[in-house]
Amino acid sequence: FTVSGATGIEDVNALSSNFEVYPNPASQSVNVKMNGAEVQQLKVFDVLGRVVFETATQFSDIIINTSNFHVGAYYIQAVVN
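Residues numbered from 1 in each chain as written. Predicted model: local features only at pLDDT ≥ 70, side-chain atom pairs only at ≥ 80, totals over all residues. Heavy atoms only, no water.

A. Layout of the sheet that holds strand β5 (residues 61–65). Overall, antiparallel pairing links the three strands, which are arranged β1-β2-β5 in an open sheet. Single-partner strands in this sheet number two, and they are β1 (19–22) and β5. Neighbour-to-neighbour, the strand axes of the sheet open up by a mean angle of 15°, direction not taken into account. Where β1 lies against strand β2 (residues 29–34), four bridges are found, and the strand directions are antiparallel. By the bridge assignment, E20 is partnered in β2 with K33. (Pairing = 2+ DSSP bridges. Helix = DSSP H or I, 4+ residues; strand = E, 2+ residues; numbered from the N terminus. Axes fitted to C-alpha atoms, helices over the stretch in contact; angles between N-to-C directions.)

B. Up close: the pattern of salt bridges. On inspection of all chains with the given rule, the structure shows one salt bridge. Here R50 and D46 are joined by a salt bridge, their closest N and O atoms 2.7 Å apart. (Salt bridge = Lys/Arg side-chain N within 4 Å of Asp/Glu carboxyl O.)

What follows is the structure in structure tokens.
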């Protein structure tokens, strides 16, 4: 199939210096920090695409408790203004 619209970030390099996620790997918590903008919505997905964490609270810095997450890889989707 063909995707006709944008799917993702138009300029990853512009965002990469402003968006921080640490530590990696994480065991008890992970910090998500957005320098210069606010995150409007954040979701964390497991490798099967299931949402394991989400928030719609506006923030520029948040700590996510990962102590109940299973060992594995996770993906973060952030909507910024």
